[in-house]
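Each chain, letter by letter, is given below.
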Number of protein chains: 2
Amino acid sequence: MANPLTPDVLVDPVELTRALVDIRSVSRDEKVIADCVADVLRRTGHLTVERVGNTVMARTELGRDQRVVLAGHLDTVPINDNWPSTVVDDLIYGCGTSDMKSGVAVALHLAATLPDPAYDVTYLFYEAEEIESEYNGLNLVAGSHPEWLRADFAVLLEPTYGVVEAGCQGTMRALVRTHGRRAHTARAWRGVNAIHAAGEVLRRLEDYHPRTVTIDGCTYREGLNAVRISGGVAGNVVPDECAVEVNLRFAPDRSEQQALAHLREVLDGFDLEVTDSAPGALPGLSAPAAREFLTAVGVAPAAKLGWTDVSRFAALGIPALNYGPGDPALAHAPDEHVEIGQIRDGAATLHRWLAG
Amino acid sequence: MANPLTPDVLVDPVELTRALVDIRSVSRDEKVIADCVADVLRRTGHLTVERVGNTVMARTELGRDQRVVLAGHLDTVPINDNWPSTVVDDLIYGCGTSDMKSGVAVALHLAATLPDPAYDVTYLFYEAEEIESEYNGLNLVAGSHPEWLRADFAVLLEPTYGVVEAGCQGTMRALVRTHGRRAHTARAWRGVNAIHAAGEVLRRLEDYHPRTVTIDGCTYREGLNAVRISGGVAGNVVPDECAVEVNLRFAPDRSEQQALAHLREVLDGFDLEVTDSAPGALPGLSAPAAREFLTAVGVAPAAKLGWTDVSRFAALGIPALNYGPGDPALAHAPDEHVEIGQIRDGAATLHRWLAG
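Residues numbered from 1 in each chain as written. Chains lettered and ligands numbered in written order. Predicted model: local features only at pLDDT ≥ 70, side-chain atom pairs only at ≥ 80, totals over all residues. Heavy atoms only, no water.

With that out of the way, let us pick up the overall build of chain A. What chain A contains, in helices and strands, is ten helices and 19 strands. The dimensions of chain A, computed from C-alpha atoms along their principal axes, are 80 × 45 × 40 Å. Taking all 356 residues of chain A together, the buried fraction comes to 57%. Sequence separation of at least 24 residues holds for 78% of the intrachain contacts in chain A that already meet a minimum separation of 6. Working note: accessible area of chain A is about 13,900 Å², and carbon and sulfur atoms make up 48% of it. Between the mean site of the 31 positive side-chain charges and the mean site of the 49 negative ones, chain A shows a separation of 7 Å. (Helix = DSSP H or I, 4+ residues; strand = E, 2+ residues; numbered from the N terminus. Buried < 20%, exposed > 50% of the residue type's maximum accessible area, 1.4 Å probe, protein only. Contact = heavy atoms within 4.5 Å. Areas by Shrake-Rupley, 256 points an atom, 1.4 Å probe, with all protein chains shown as cover. Lys, Arg positive; Asp, Glu negative; His and termini not counted. Charge placed at Lys NZ, Arg CZ, Asp CG, Glu CD.)

Residue and element names in this part refer to chain B. Where helix H4 (residues 97-113) contacts helix H10 (residues 340-355), the axes come no closer than 10 Å and their chain directions differ by 40°. Crossing geometry of H4 relative to H10 is assigned as right-handed. Mapping the contact onto sequence places Ser-102, Val-106, His-109 and Leu-110 in H4 and Ile-343, Gly-346, Ala-347, Leu-350, His-351 and Leu-354 in H10. Class assignment for the residues of the contact of H4 with H10 results in six nonpolar, four polar and no charged. (Axes fitted to C-alpha atoms, helices over the stretch in contact; angles between N-to-C directions. Left-handed = near helix turned anticlockwise from the far one by under 90°. Nonpolar A, V, L, I, M, F, W, Y, C, P; charged D, E, K, R; others polar.)

Let us now look at the interface of chain B and chain A. In this assembly, 38 residues from chain B lie in contact with 38 residues from chain A. Taking both sides of the interface into account, the surface hidden between chain B and chain A amounts to around 3,100 Å²; carbon and sulfur atoms contribute 58%. Looking only at chain B, the three residues that lose the most surface to chain A are B:Trp189, B:His196 and B:Ile229, adding up to 20% of its buried area. The interface formed by chain B and chain A holds 14 residue pairs in polar contact (both at pLDDT 80 or more) in total. Those elements that place two or more of their residues in the side of chain B that touches chain A are helix H6 (194-207), strand S13 (223-232), strand S14 (237-238) and strand S15 (241-250) of chain B. Ranked by residue count, the leading element in the side of chain B that touches chain A is S13(B), at nine residues. Of the residues that constitute the side of chain B that touches chain A, the class distribution is 18 nonpolar, 14 polar and six charged. (Buried area = accessible area lost by both parts, 1.4 Å probe. Polar contact = N/O pair within 3.5 Å; in protein donor to acceptor, adjacent residues only side chain to side chain.)

The description of an aromatic ring pair rests on the distance of the ring centres and on the angle between the ring planes. Residues and elements named next belong to chain A. Scanning the entire structure with this criterion turns up ten aromatic pairs over all chains. Aromatic pair Phe-153 and Trp-353: ring centres 5.9 Å apart, planes at 85°, arrangement edge-to-face. Here Trp-353 lies in helix H10 (residues 340-355) and Phe-153 lies in strand S7 (residues 153-156), a separation of 200 residues in the sequence. This pair shows no difference in class: Phe-153 is buried, exactly as Trp-353 is. (Phe/Tyr/Trp six-rings, centres within 6.5 Å; stacked < 30°, edge-to-face > 60°.)

Residues and elements named next belong to chain B. One open sheet accounts for three strands, arranged S4-S5-S19; its pairing is antiparallel. At either end of the open sheet lies a strand with only one pairing partner, and these are strand S4 (86-88) and strand S19 (337-339). Strand after strand, the sheet turns through a mean of 25° between neighbouring axes, direction not considered. The pairing of strand S5 (residues 91-93) with S19 spans three bridges and is antiparallel. Bridged to Leu-91 within S19 is Glu-339. Across the sheet, H4 is in contact with S5 and S19; its angle to S19 comes to roughly 50°. Along the sheet, H10 makes contact with S4, S5 and S19, crossing S19 at roughly 60°. (Pairing = 2+ DSSP bridges.)

Residues and elements named next belong to chain A. Following Trp-83, the chain continues to Pro-84 via a peptide bond in cis, the omega torsion being -5°. Positionally, Pro-84 belongs in the loop between strand S3 (67-73) and strand S4 (86-88). Although it is not a glycine, Tyr-161 sits at a positive phi angle of roughly 60°. Along the chain, the position of Tyr-161 falls in the loop between S7 and strand S8 (165-166).

All right, on to the UniProt feature "domain: Peptidase M20 dimerisation" (unreviewed entry) in chain A then. UniProt marks residues 170-268 of chain A with the feature "domain: Peptidase M20 dimerisation" (unreviewed entry), using the numbering shown here. Between the C-alpha atoms that bound residues 170-268 of chain A there is a distance of 21 Å. The span itself is 25% helix and 42% strand. (UniProt positions renumbered as here; feature names shortened; annotations may be inferred.)

Residue and element names in this part refer to chain A. Taken together, the buried positions of helix H5 (residues 137-144) are Gly-137, Leu-138, Val-141 and Ala-142. Buried residues of H5, seen end-on, are gathered within an arc of 135° and therefore sit on one face of the element. Looking at the buried residues of H5, the elements they touch are strand S2 (55-59), strand S6 (120-126) and helix H9 (310-314). With a side-chain oxygen lying 2.8 Å from the backbone nitrogen of Leu-138, the N-terminal cap of H5 falls on Asn-136. (Arc of directions from axis to C-beta.)

Attention now moves to the pattern of salt bridges. Residue and element names in this part refer to chain B. All told, the structure shown has 40 salt bridges over all chains when counted by the stated rule. The salt bridge partner of Arg-177 is Glu-273, with a shortest N-O separation of 3.0 Å. With a gap of 96 residues between them, Arg-177 in strand S9 (residues 170-179) and Glu-273 in strand S16 (residues 271-278) connect regions that are remote in the sequence. Judged by relative accessible area, which is 23%, Arg-177 ranks as partly exposed. When its relative accessible area of 37% is taken as the criterion, Glu-273 is described as partly exposed. Note that Asp-207 is salt-bridged to Arg-203, the shortest N-O span being 2.8 Å. Here the residue Asp-207 and the residue Arg-203 both occupy positions in helix H6, the gap between them amounting to four residues, near one helical turn. (Salt bridge = Lys/Arg side-chain N within 4 Å of Asp/Glu carboxyl O.)

Our focus in this paragraph is the relation of the copies chain B and chain A. Each copy superposes on the other: chain B lies on chain A with an RMSD of 0.2 Å after a rotation of 179° and an axial shift of 0.1 Å. Both copies of the chain, as the preceding transformation shows, are related through a two-fold rotation axis. Take the interface residues of chain B: 100% of them recur as interface residues in chain A, which is what a same-surface contact looks like. (Least-squares fit on C-alpha atoms with pLDDT ≥ 70 in both.)

The subject of this paragraph is the environment of B:Asn80. Topologically, B:Asn80 is positioned in the loop between strand S3 (67-73) and S4. With 15 residues separating them in the primary sequence, B:Asn80 and B:Cys95 have C-alpha atoms 7.3 Å apart.

It is worth spelling out the state of the cysteines at this point. All names here are of chain A. Enumeration over the complete set of coordinates arrives at zero disulfides over all chains. The structure places no disulfide on Cys-36, whose sulfur is separated from the nearest cysteine sulfur, that of Cys-95, by 17 Å. Unpaired in this structure, Cys-168 has its nearest cysteine sulfur neighbour in Cys-218, at a distance of 12 Å. The exposure class assigned to Cys-168 is buried, which follows from its relative accessible area of 0%. (Disulfide = S-S within 2.5 Å.)

Okay, here's the thing in structure tokens:
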């Protein structure tokens, strides 16, 4: 198959978006798109290119003082009667248009057309972001080739509709168990009801006042919620155990250890078992490359509320943020689309920043 | 097969207990024992005998002012390496010895040997008490032959270890649902947590002060307990629904309607759906036959705490109580046994009462 990512296509990030969408690449089926992307990058002549699985890394080696990463995933969620792409007025419709082939197109366009950026740039095009973490290309190379990620600053081209979303909150899940003593409900006074005891756990959650924390101009709202509850033995038995699963979302000024200490304080006196935890990521906007990026974008940054792959950079000490032309509200939707203007704006902004 | 319930056996309630235990009669397999019992009753000559399925009714028709019922179930739970019967000192071991072939033996002994009681007596030997209510012989004849149950007073020969357990509490189960609005836990302030809202339900249950009610000298302790709780959508979602199942045990001075009104009052403001309900039974010890029975027994009555078949009589307006030689703590146990002295005492007491 001839590579559809021709030189004519590469110079236009809008045409490139369509061409990338029209190469199907549902998670675990990214070989063809990775072949096409690696081929383009190798042909540029100004990039060093490496590949692991269907994750492709390309970088300039110009001896600049600073290095930045532009990263995007190549995969999409399953097709949902929305492939191949179509254009209606100034919108491109199709699976992956927003999440995130328009972002990949902007990065690939710059990789192909900007041989002499003001920073050294590492481009990362990775596989399997939409599925379990064990397949995630960025996660895999963070383990096997951490030098690919080494940089002073990273931009992930996830859909943000042109807004800068910086850092991310941490998340911790824990089981809070209450205990009692079984008895027949006709003789309930002989037992101790563990579900009743969970009332105090729920009262503390209901009374909890989450912090709002502003870091580098980004405001993070914490939260502590019961997400599941279960208990009970039979319809005529005073239950001897109840379990409440709680989810703490914590601002990135707390480490996981500090978050756990906070959780233990709130639920003091209860049996608590952490089942899942991931650290937050500080926005890190004081890095010089980050400040220059924000100047180029010209819009105040906002806190990223969910957990995203920027945390994988943060875990390596690299400030990272999300910035992309797609609309996050349209990700995974059957009518997914992207505005052509957003693609052009995003490409122009990143070019302005990287050209220096 | 020759009927093992011979005249020699029928005159001795202890021998009769052993003979009845040695006719296997696990629930749904009561044909042989019902055949033997019906045959004995028909041979007496002083009883009118009828049968439906494996439930046998026999009654005197002496034109007495009052009629009393003696009732017992013929079935047992499954054999558990405890069949046939064995005798060790003054104990008879075996499946059904306490629950309740010793009680059945006392009633069958009286039916066979007391042709001229002071009250008209209806003897009911019924099937399938140990399994689902739809098979319960007493429940079935209450529907198909309610005249078999008609009486001024009833004694159920369930194991009470010679104590009189009168009336029984009612029971009502209800689902209490709380509602909220889903949101991602990273943006929890956009949602309303239904599990947190259930905290108030549990607080009211924890604070609930159950009544203690004394009727006819029997003390009933009410109770209101959460028996099950469930809620939750996913580990990262503020849940929009939680359900608490509660079980109210109410003294027999409340009707089901009154119990429901009480439950609605305690849980005012919450969405409540009754899923199961059974009325209590007043002890009804002021009926003349009941007072004479208590005099014969000579021990103060106690409240029955669980729900038993006496409620089926109460539903027909017939005062009923539990009184039998078996030990309720041994029912369904592998080492189930009955004291020979309890059988003789029970038979003597009932004879004294019925002979007048």
